[in-house]
Amino acid sequence: MPVFLLAIHVAVVLMTVWKRDFWPFTHYPMFSKARKPDQVRVIRFALIGPGDRRVWWKPEFDCYSEDIADRLHPDSSRVVFRAAAEVMRLVELEEPGATAYHGVEVVERVLQAGSTVERVVARVAKH
Amino acid sequence: MVHPVGLFSSAYCGAIAVQTAFRFSEQVRFYRTEPERVYGPPPKLFHLISLPRPGAGVFQGLGLIFIASMAAAAAGFGHTVALFAAFVSFFGYFPWIVRLGYVRRKANQIPMVLLILMVSPSQALPAIEGLISVVYFSAGIAKLAESGPRWANGETFQSHLIATYLLRDRKSALWLSRSRTACAVISTVVLVWELTFPVVLILPQYKWIWVVTGVLFHLSTVPARIHYWIYFGPLYFVFLAPWGADWLNRHPW
């Protein structure tokens, strides 16, 4: 096999060993980290409408709802506010002039004894 | 006379062209959301070269060039030139949509396949089979390196199912997570399958076991909206091309 073909394969293997990306050569660490079911905790964003009615934010690109949450550190109010601001920006992009909501809630969800338990981490009003 | 490499090239390029065309407007909308505001700048080419954000018109133009080039390559029009145009336009278009779930890591093989088809078509099929094997083996090694054999004990898979339920309200994910045994079996099968995928290169007479398992595995992730069939799935044509070419040559139209 020509050297350059071998080089492509070696590059992918090296990315795995180094745990780095030289895009488009990348490693494939998806789902590789061991987790325990009782430690699963997710963050979701809810849009608060009239009468404090809550609707889960379901963006067209669902990578956003998970990835913005992944970057969230609930103990940092600045990070939380920035995340909520990003959510509001993306909502406005999908529905320009959307007036049906007046704020964003950052909600932590866990599964305890088979039931979903939610905790509101922060509530950010829309300006 | 249908050649397996030509058949693979047509099927692969045609599938990628159709998939991109079908999702083009969605990808343009994603571009317009300025994903770099959430994720930071797109990946640097080979970790060295920062790619400037193209204007909206240029971005769409590059996408259309990519689609047209792949379609031309599939149809056999100016094959090498079309492959080259697709190769170049890939690097202008895909960095700005690489954060999309169905693009992330799944489209990375496109430029490698195009390069192989351009530079060494006579060895394209074994090279691409090798590429697929390395990707799966890499994923298996990453699991072992990060978590060791306990990755296969079912808990990690259960955790992902629970996370899927909490994030997307998928009750089927919650239902499956309740069986630790089922999760352990699935995890073990996946890990062993990934780590042993290179067997298809050494014992090609048994490759169908890994290919069929791969098809079933990737189909099973669709309900969780993990779409390997977009951009990664067309690679599987490499396993069908020799059989397909043989059949077409024995049954000419």
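Our structure's up above, just so we're on the same page.
Residues numbered from 1 in each chain as written. Chains lettered and ligands numbered in written order. Predicted model: local features only at pLDDT ≥ 70, side-chain atom pairs only at ≥ 80, totals over all residues. Heavy atoms only, no water.

Trainee: Looking at this model, I keep getting lost on the overall build of chain A. Mind explaining?
Mentor: Along the backbone of chain A there are three helices and four strands. In chain A, the succession of helices and strands from N to C terminus is α-β-β-α-α-β-β. Taken over the C-alpha trace, chain A has a radius of gyration of 20 Å; the compact-globule value for 127 residues is 14 Å, which it surpasses by more than 25%. With the C-alpha coordinates aligned to their principal axes, the bounding extent of chain A is approximately 65 × 40 × 25 Å. Restricting the contact set of chain A to residue pairs at least 6 apart, pairs at least 24 apart contribute 48%. (Helix = DSSP H or I, 4+ residues; strand = E, 2+ residues; numbered from the N terminus. Rg over C-alpha atoms; globule rule 2.2 N^0.38 Å. Contact = heavy atoms within 4.5 Å.)

Trainee: Can you walk me through the environment of Val200 of chain B in this structure?
Mentor: Residue and element names in this part refer to chain B. Position of Val200 among the secondary structure elements: in helix α11 (residues 199-202). Expressed as a C-alpha distance, the spacing of Val200 and Leu166, which sit 34 residues apart in the sequence, is 38 Å. The residues contacting Val200, other than those within four sequence positions of it, are Glu129, Ser133, Lys207 and Trp210.

Trainee: Please clarify how helix α7 (residues 124-147) of chain B should be interpreted in this entry.
Mentor: Think of an α-helix as turning once every 3.6 residues; residues three or four places apart then point the same way. Residue and element names in this part refer to chain B. Between its first and last C-alpha atoms α7 spans 34 Å; for 24 residues at 1.5 Å apiece the expected length is 34 Å, and the two agree. The element α7 is extensively covered by neighbouring structure, given that 18 of its 24 residues are classed as buried. Following α7 by one or two positions, Gly148 adopts a phi angle in the positive range, close to 75 degrees. (Expected span 1.5 Å × (residues − 1). Buried < 20%, exposed > 50% of the residue type's maximum accessible area, 1.4 Å probe, protein only.)

Trainee: Where do I start with the nonpolar core in this structure?
Mentor: Note that soluble globular proteins tend to have their nonpolar side chains buried in a common cluster. Counting 100 residues, the largest nonpolar core has Phe45 of chain A together with Phe94 and Ile110 of chain B as its most contacted members. The element contributing the most residues to this core is α7 of chain B, with 10 residues. Judged by nonpolar contacts, the second largest core, of eight residues, contains Ile162, Tyr165, Leu166 and Leu174 of chain B. (Core = buried A, V, L, I, M, F, W, Y, C linked by side-chain atoms within 4.5 Å.)

Trainee: Any chance you could explain the packing of aromatic side chains here in plain terms?
Mentor: The description of an aromatic ring pair rests on the distance of the ring centres and on the angle between the ring planes. This model, assessed by the stated rule, comprises 30 aromatic pairs over all chains. By way of ring pairs, the aromatic residues Trp23 of chain A together with Phe24, Tyr31, Phe59, Phe66, Phe87, Phe90, Phe91, Tyr93, Phe94, Tyr102 and Tyr231 of chain B are connected into one cluster. Its end group placed over the ring of Tyr101 of chain A, Lys126 of chain A keeps NZ or CZ at 4.4 Å from the ring centre. Its guanidinium or amino end placed over the ring of Tyr31 of chain B, Arg53 of chain B lies 3.9 Å from that ring's centre, counting from NZ or CZ. (Phe/Tyr/Trp six-rings, centres within 6.5 Å; stacked < 30°, edge-to-face > 60°. Lys NZ or Arg CZ within 6 Å of the ring centre and 35° of its normal.)

Trainee: Even after reading the chapter, I still don't get the sheet that holds strand β2 (residues 54-56) of chain A, so can you show me in this structure?
Mentor: The strands making up a sheet associate through backbone hydrogen bonding, with each pair oriented either parallel or antiparallel. Taken together, the four strands give an open sheet; going across it, the order is β2-β1-β3-β4 (chain A), and neighbouring strands pair in antiparallel fashion. In this open sheet, the two edge strands, each paired with only one partner strand, are β2 and β4 (115-125) of chain A. Shown here is a sheet whose adjacent strand axes are inclined to one another by a mean of 35 degrees, direction ignored. In the sheet, strand β3 (residues 103-112) of chain A pairs with β4 of chain A via 10 bridges, with the strands oriented antiparallel. What sits directly across from Val110 of chain A, in β4 of chain A, is Val117 of chain A. Against the sheet, helix α3 (residues 77-94) of chain A touches β1 (41-48), β3 and β4 of chain A, its axis set at about 85 degrees to β4 of chain A. This element, helix α8 (residues 155-168) of chain B, spans β1, β3 and β4 of chain A of the sheet and lies at about 5 degrees to β1 of chain A. (Pairing = 2+ DSSP bridges. Axes fitted to C-alpha atoms, helices over the stretch in contact; angles between N-to-C directions.)

Trainee: Would you explain a nonpolar patch on the surface in this entry?
Mentor: Residue and element names in this part refer to chain B. Nonpolar side chains collect at one region of the surface, where Trp208, Val212, Leu216, Leu219, Val222, Phe237 and Leu240 lie side by side and expose about 600 Å² of accessible area between them. Listed by contribution, the elements that provide at least two residues to the nonpolar patch are α12 (207-220) and α13 (237-250). Ranked by the residues each element gives to the nonpolar patch, the list is headed by α12, at four residues. Positionally, Trp208 belongs in helix α12. (Patch = residues over 30% accessible without salt bridge, like charges linked within 9 Å, V, L, I, M, F, W, Y side chains within 5 Å. Areas by Shrake-Rupley, 256 points an atom, 1.4 Å probe, with all protein chains shown as cover. Salt bridge = Lys/Arg side-chain N within 4 Å of Asp/Glu carboxyl O.)

Trainee: Whenever I open this one, the environment of Val98 of chain B confuses me. Can you help?
Mentor: Among the structural elements, Val98 of chain B can be located in the loop between α5 (79-93) and α6 (109-119). Remark: the alpha-carbon pair of Val98 of chain B and Tyr31 of chain B, spanning 67 residues in sequence, is separated by 9.9 Å.

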